[in-house]
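Working through the structure, step by step
This is what each chain is made of:
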Amino acid sequence: MFTIEHEFDSTVITLVDEGETPLLEDVIINSFAECVTVEQYDARTDSVNRITLSPEQLRDLAAALDLPEGVYRIRDLPVRGK
């Protein structure tokens with residue numbers, strides 16, 4: 001399950017783990033104009049872990065989800081539908 005909320009300066013997506021027990025903490029994704037942050041609470045350390053991605057890194061991550069093992073640059077990829 002996930003939720004999407006539009007805030008003043010960002011879009012917030014929350015991913016809720018509905019899998020089998022033990023469940024993992026929610027993942028919160030904040031999408032700003034200049035970056036995207038991914039956060040998850042860690043009960044072991046009682047802290048929030050945060051990763052910050054540039055728009056280019058997010059674009060590369062999205063492309064990488066559908067590709068086989070290898071090294072790529074976005075400009076090297078074929079255009080879909082051609």
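All values reported here derive from a predicted model rather than from experimental measurement.

Parameters at a glance
Residues numbered from 1 in each chain as written. Predicted model: local features only at pLDDT ≥ 70, side-chain atom pairs only at ≥ 80, totals over all residues. Heavy atoms only, no water. Patch = residues over 30% accessible without salt bridge, like charges linked within 9 Å, V, L, I, M, F, W, Y side chains within 5 Å. Areas by Shrake-Rupley, 256 points an atom, 1.4 Å probe, with all protein chains shown as cover. Salt bridge = Lys/Arg side-chain N within 4 Å of Asp/Glu carboxyl O. Lys, Arg positive; Asp, Glu negative; His and termini not counted. Charge placed at Lys NZ, Arg CZ, Asp CG, Glu CD. Helix = DSSP H or I, 4+ residues; strand = E, 2+ residues; numbered from the N terminus. Pairing = 2+ DSSP bridges. Axes fitted to C-alpha atoms, helices over the stretch in contact; angles between N-to-C directions. Contact = heavy atoms within 4.5 Å. pLDDT = per-residue confidence, 0-100.

**Some thoughts on a negative patch on the surface**
Residues Glu5, Glu7, Asp9 and Glu34 make up a contiguous surface patch of negative charge. As for its placement among the helices and strands, Glu7 is situated in the loop between β1 (2–6) and β2 (11–15).

**Describing the sheet that holds strand β5 (residues 47–53)**
In space, the 5 strands of this open sheet follow the order β1-β2-β3-β4-β5, with antiparallel pairing throughout. Each edge of the sheet is formed by a strand with only one pairing partner; in this case those strands are β1 and β5. Recorded for the sheet is a direction-independent mean angle of 15° between the axes of neighbouring strands. Pairing geometry for strand β3 (residues 27–31) and strand β4 (residues 36–42), over 5 bridges, is antiparallel. Considered in β4, the bridge of Ser31 is made with Val36. Helix α1 (residues 55–64) rests against β4 and β5 of the sheet, and its axis sits at about 90° to β5.

**A closer look at the confidence of the model for the protein**
Low-confidence regions, as indicated by low pLDDT, have predicted coordinates that should not be scrutinised in detail. Averaged over every residue, the pLDDT of the protein is 90; the share at 70 or more is 91%. Averaged pLDDT values over the elements of the protein bottom out at 91 in α1 and peak at 98 in β5.

**So, a nonpolar patch on the surface**
A grouping of Phe2, Ile4 and Leu15 is seen on the molecular surface, where their side chains present a nonpolar patch of about 300 Å² in accessible area. Secondary-structure assignment places Leu15 in strand β2.

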